[in-house]
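Fold and contact review
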Amino acid sequence: MKRLSVVVLALLLAFNLLACTPQSEAPAETTAATTEAPATEAPTTEAPATEAATTTEAATTEATTEAVAETITLTDNVGREVELPFPVKKAVVALRYNNELIRACGAIDSVIAADMNTAQDREYWQNFDPENVIGKSQKALNYEKIIELEPEVLILPANGTYAEAVEKLSPFGIKVFVISGYDTFDFDNQIDNIGKMFDKEEKAEKFKKYYHDTLNYIKDNLEGVEKKTVYWESTKDYKTSFPGNYYYNMIVASGGENIFSDQPEGVSDSTVTPEEIVLRNPDFIFKHITPNDALKGTGVYVAPSLEQRDATIEAIKSRPGFDEINAVKNNNVYLMSQFGHGGASKMIGAVYMAKWMYPEQLPELDPDAIFKEWLEDYQGFKFIDGHFYPLNK
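Moving on, we come to the sheet that holds strand S11 (residues 284-289). The sheet built from five strands is open, its strands ordered S10-S9-S11-S12-S13 with mixed pairing. Each of the sheet's edge strands pairs with one partner strand only, and the pair in question is strand S10 (257-258) and strand S13 (388-389). Pairing analysis gives five bridges linking S11 to strand S12 (residues 333-337), with the strands arranged parallel. Across the sheet, the residue bridging to His-288 is Met-336, located in S12. Contacts from helix H10 (residues 306-317) reach S11, S12 and S13, with the element oriented near 135° to S12.

Following this line, the structure appears as structure tokens:
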């Protein structure tokens, strides 16, 4: 009986083993098949779909870029918002100061023509053809020529005929943008505009630093210093500058005080009499000069001759009653060429004036070095003497 029980127990154990073995292996095989199938199929089905999507997206982006030209909207020197192609690749530009600022920002290759007042200087503006100019000046434009050249934009200063230019050129899709290279106090806005429209923002920022580092040194070192009084005169005798004028702002930047600062702002005719100058008795006289063979009122790279400079100073000193003026008594009569003074929105002129007036307060200010940097680093020309005279007493 005991033996029979052992046999029955053995049979039951064997049966259980046989029953359990298939049930545990079948799910394992099924699970393996289910797991491996997607792994094998995934690369085959998904990779081409991703590549096709990328190709389609690239083609769509390229088509969109070609179909829609990029533009940029900027605010110009007279407050107009103008939408321009970006970047500007074909511009025509009136005014030498404007062309200098554009060249300082590294974009002069995008200027295809200029005015005659600029192009006359065959040494300084070799890239412009005097036979292919856009007019004599910003106030005398040749619209037929501008239309023929097919520029994207005409750039001219606020004292030019910009309103007329908009009327004449808009039907031909030519934009008009105002940059006034002589405007000392709107320097940042104008350089930012040049940097942005021509896609030269890095060079524009470097230019701005050179400008501000220089004028800030003057401003900081003259704080609290008694101002010297100034009579400034253009190339035309007895033509001076009243408040609101860009030459007036150059005097302010130099640390001087214009003897006609009490005149109303915005007066168009700033001609004065010799008697008024004598009565106001300036400490310094600064006179503009340009070579005799240059177009009237313009500036060129070659400086006025030494004979012309000496004769001009002597003529000022011998005017009626001028021998009673402090500036003449103390030999403080100086000349700045029409070319030299206007560099970097008249910053160069302000630097020389400041050094002449405040040599002790500005010991580290070196006008020649600053003018040299302007010409050689920002314009690509060698430094040249004679644009500021006399340098030393």
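There's more to say after this.
Interhelical geometry of helix H12 (residues 343-357) versus helix H13 (residues 367-379) gives an angle of 165° and a closest axis separation of 9 Å. Classified by the angle between their axes, H12 and H13 sit roughly antiparallel to one another. Relative to H13, the crossing made by H12 is left-handed. For the pair formed by H12 and H13, the contact residues are Gly-343, Ala-344, Met-347, Ile-348, Val-351, Tyr-352 and Lys-355 on the first element and Pro-367, Asp-368, Ile-370, Phe-371 and Trp-374 on the second. Counted by class, the contact of H12 with H13 contains nine nonpolar, one polar and two charged residues.

This part takes up the pattern of salt bridges. Enumeration over the complete set of coordinates arrives at 13 salt bridges. Glu-148 is the partner of Lys-145 in a salt bridge, and the nearest nitrogen-oxygen pair spans 3.3 Å. Taken as a pair, Lys-145 and Glu-148 lie in helix H4 (residues 143-149) at a separation of three residues, close to a single helical turn. With a relative accessible area of 15%, Lys-145 lands in the buried category. Lys-239 is the partner of Asp-269 in a salt bridge, and the nearest nitrogen-oxygen pair spans 4.0 Å.

We now examine the confidence of the model for the protein chain. For the protein chain, mean pLDDT is 86; residues scoring 70 or higher make up 82% of the total. A low-confidence stretch, residues 1-56 (pLDDT under 50), is modelled with two contacts involving residues beyond four sequence positions or located in other chains. Every residue in residues 58-68 is under pLDDT 50, and counting partners more than four places away or in other chains gives zero contacts.

Right, let's get into the packing of helix H7 (residues 201-221) against H13. Axis separation between H7 and H13 bottoms out at 12 Å; the angle between their running directions is 175°. As far as their axial angle goes, H13 and H7 are roughly antiparallel. Residues Lys-206, Phe-207, Tyr-210 and Thr-214 of H7 form the contact with H13, whose own contacting residues are Ile-370, Glu-373, Trp-374 and Tyr-378. Grouping the constituent residues of the contact of H7 with H13 by class yields five nonpolar, one polar and two charged.

Another point: the pairing of strand S1 (residues 71-75). Residues Ile-72 and Leu-74 of S1 are buried on one face, while the alternating residues Thr-71, Thr-73 and Thr-75, pointing to the opposite face, are not. Sheet analysis places S1 next to strand S2 (residues 81-85), joined by five bridges and oriented antiparallel. The residue of S2 that forms the bridge with Ile-72 is Leu-84. In this antiparallel pair of consecutive strands, S1 and S2, the connection spans five residues, and Gly-79 shows a positive phi of 85°.

This brings us to the packing of aromatic side chains. If you walk through the whole model with that rule in mind, you get 31 aromatic pairs. Between the aromatic rings of Tyr-182 and Tyr-246, the centroid separation amounts to 4.1 Å while the plane-to-plane angle is 35°, which identifies the pairing as tilted. Linking Tyr-182 in the loop between strand S8 (175-178) and helix H6 (187-197) with Tyr-246 in helix H8 (residues 246-254), this pair joins segments that are 64 residues apart in sequence. Its relative accessible area of 23% is what places Tyr-246 among the partly exposed residues. Plain terms: the ring middles of Phe-207 and Trp-374 are 5.8 Å apart, the flat faces sit at 25° to each other, and that makes the pair stacked. Pair noted here: Phe-207 is in helix H7 and Trp-374 is in helix H13, with a separation of 167 residues, a long-range link. We note that Phe-207, like Trp-374, is buried. Cluster of aromatic residues (ring-pair linked, three or more members): Phe-284, Phe-286, Tyr-334, Tyr-352, Trp-356, Phe-371, Phe-383 and Phe-388.

Calculation criteria
Along every chain, residues carry numbers that run from 1 in the direction the sequence is written. Two thresholds apply to this predicted model, a pLDDT of at least 70 for residue-level local features and 80 or more for giving and counting side-chain atom pairs, whereas whole-chain, interface and lining totals are computed over all residues. Excluding hydrogens and water, the side-chain figures rest on all heavy atoms present in the structure. Between any two strands, pairing holds if DSSP finds at least two bridges. Under the DSSP-based scheme used, a helix requires at least four consecutive residues in state H or I and a strand at least two consecutive residues in state E, with every element numbered from the N terminus. Here, residues are in contact when the closest pair of their heavy atoms is within 4.5 Å. Only the contacting stretch of a helix is used when fitting its axis, a line to C-alpha atoms as for every element, and angles between N-to-C directions run 0 to 180 degrees. The cut-offs work like this: below 35 degrees is roughly parallel, past 145 is roughly antiparallel, 65 to 115 is roughly perpendicular, and the gaps in between are oblique. Handedness of each helix crossing follows the sense of rotation of the near helix against the far helix: counterclockwise by less than a right angle gives left-handed, clockwise gives right-handed. The residue classification treats Ala, Val, Leu, Ile, Met, Phe, Trp, Tyr, Cys and Pro as nonpolar and Asp, Glu, Lys and Arg as charged. All others, Gly included, are polar. Within this document, salt bridges are pairs made up of a side-chain nitrogen of Lys or Arg and a carboxyl oxygen of Asp or Glu, the two lying within 4 Å of each other. Each residue is placed in one exposure class: buried if its accessible area under a 1.4 Å probe, protein chains only, is under 20% of its type's maximum, exposed if it is over 50%, and partly exposed if it falls in between. Here pLDDT means the predictor's own confidence in every residue, given as a number from 0 to 100. Pairing of aromatic side chains here covers Phe, Tyr and the six-membered ring of Trp, requires ring centres within 6.5 Å, and sorts the geometry by plane angle: under 30 degrees stacked, over 60 edge-to-face, intermediate tilted.

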